[in-house]
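A closer look at the structure
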Amino acid sequence: MVSDSCKKRFGKIMLEQMELLEQVEIAPQIFSMRLKGQMVSQMQVGQFLHIRVPDDSKLLRRPISISEIDREQRICRIIYRVEGGGTAIFSQLPVGSFLDVMGPQGNGFDLSPVRAGDHALIIGGGIGVPPLLEVAKELHAKGAQVTAVLGFSDKSAVILEAEMKKYAEVIVTTDNGSYGRKGYVSSIVNELSEDFTAVYACGAPGMLRYVNETFCSHPR
């Protein structure tokens, strides 16, 4: 258990020692963690956590998006890619470890415009897909129809397809055509003729520029 002495409040942001319940490599160099703590009750879809690397030589916290939220059990899931020494240390932590976590942070996604019967579009690229899983889950719970277009570099990098299919119609693309449709997410989105109540996206800057130009600058 996490005692009250292990956490401090900074407005709506907490600093807490969260317990590592599960660690699984779900794709090459991509890991899924489940963490338990009091701050989960405050988490909103699309927010992120700032996690301290348990190594005094690593001064900066690592920001990692929240992929799933179970407020009742106070358990959240985060998914991260090993890209340097700090995240490599995370990947070696055993179950039962405690992580120094600051959060939840960020404005998250506003799901309020979507109502039962509406159609929402989710567009995700690579490691930008994880925070969109909770988006799909919560939109589905509201009774909305959800279409998710997910893009990856190749078959080995595909993550969360099965989980996303619980809540959405899923179309997967890979750059080299090794899985799903060949090409970028834009090639699929350009084929969609539906009118969407809302569009939620997370991925590389180029992909986000495309989404902005397609749905904001020149709404369909």
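Residues numbered from 1 in each chain as written. Predicted model: local features only at pLDDT ≥ 70, side-chain atom pairs only at ≥ 80, totals over all residues. Heavy atoms only, no water.

**Looking at the overall build of the chain**
If you tally the helices and strands in the chain, you get five helices and 12 strands. The buried share among the 220 residues of the chain stands at 46%. Within the chain, contacts between residues separated by at least 24 positions form 66% of all contacts whose residues are at least 6 apart in sequence. Within the structure as shown, the chain displays about 10900 Å² of accessible surface, and the carbon and sulfur contribution to it stands at 50%. Across the chain, the 24 positively charged side chains and the 25 negatively charged ones have centroids separated by 3 Å. (Helix = DSSP H or I, 4+ residues; strand = E, 2+ residues; numbered from the N terminus. Buried < 20%, exposed > 50% of the residue type's maximum accessible area, 1.4 Å probe, protein only. Contact = heavy atoms within 4.5 Å. Areas by Shrake-Rupley, 256 points an atom, 1.4 Å probe, with all protein chains shown as cover. Lys, Arg positive; Asp, Glu negative; His and termini not counted. Charge placed at Lys NZ, Arg CZ, Asp CG, Glu CD.)

**A closer look at the nonpolar core**
Counting residues in hydrophobic clusters, the biggest one holds 30 residues, and the most contacted among them are I122, V135, L139, F152, M164 and Y200. If we skip the residues at most four places from it in the chain, M164 touches V129, L132, L133, A136, A148, L150 and V170. Membership of the second largest hydrophobic core comes to 23 residues, among which are V40, I51, Y80 and L99. (Core = buried A, V, L, I, M, F, W, Y, C linked by side-chain atoms within 4.5 Å.)

**A few points about helix α2 (residues 130–141)**
Of all the residues in α2, the buried ones are P130, P131, L132, L133, E134, V135, A136 and L139. Against the buried residues of α2 lie β5 (62–70), β6 (75–81), β8 (119–125), β9 (145–152), α3 (161–164) and β12 (198–202). Downstream of α2 by a residue or two, G143 has a phi angle that is positive, lying close to 90°.

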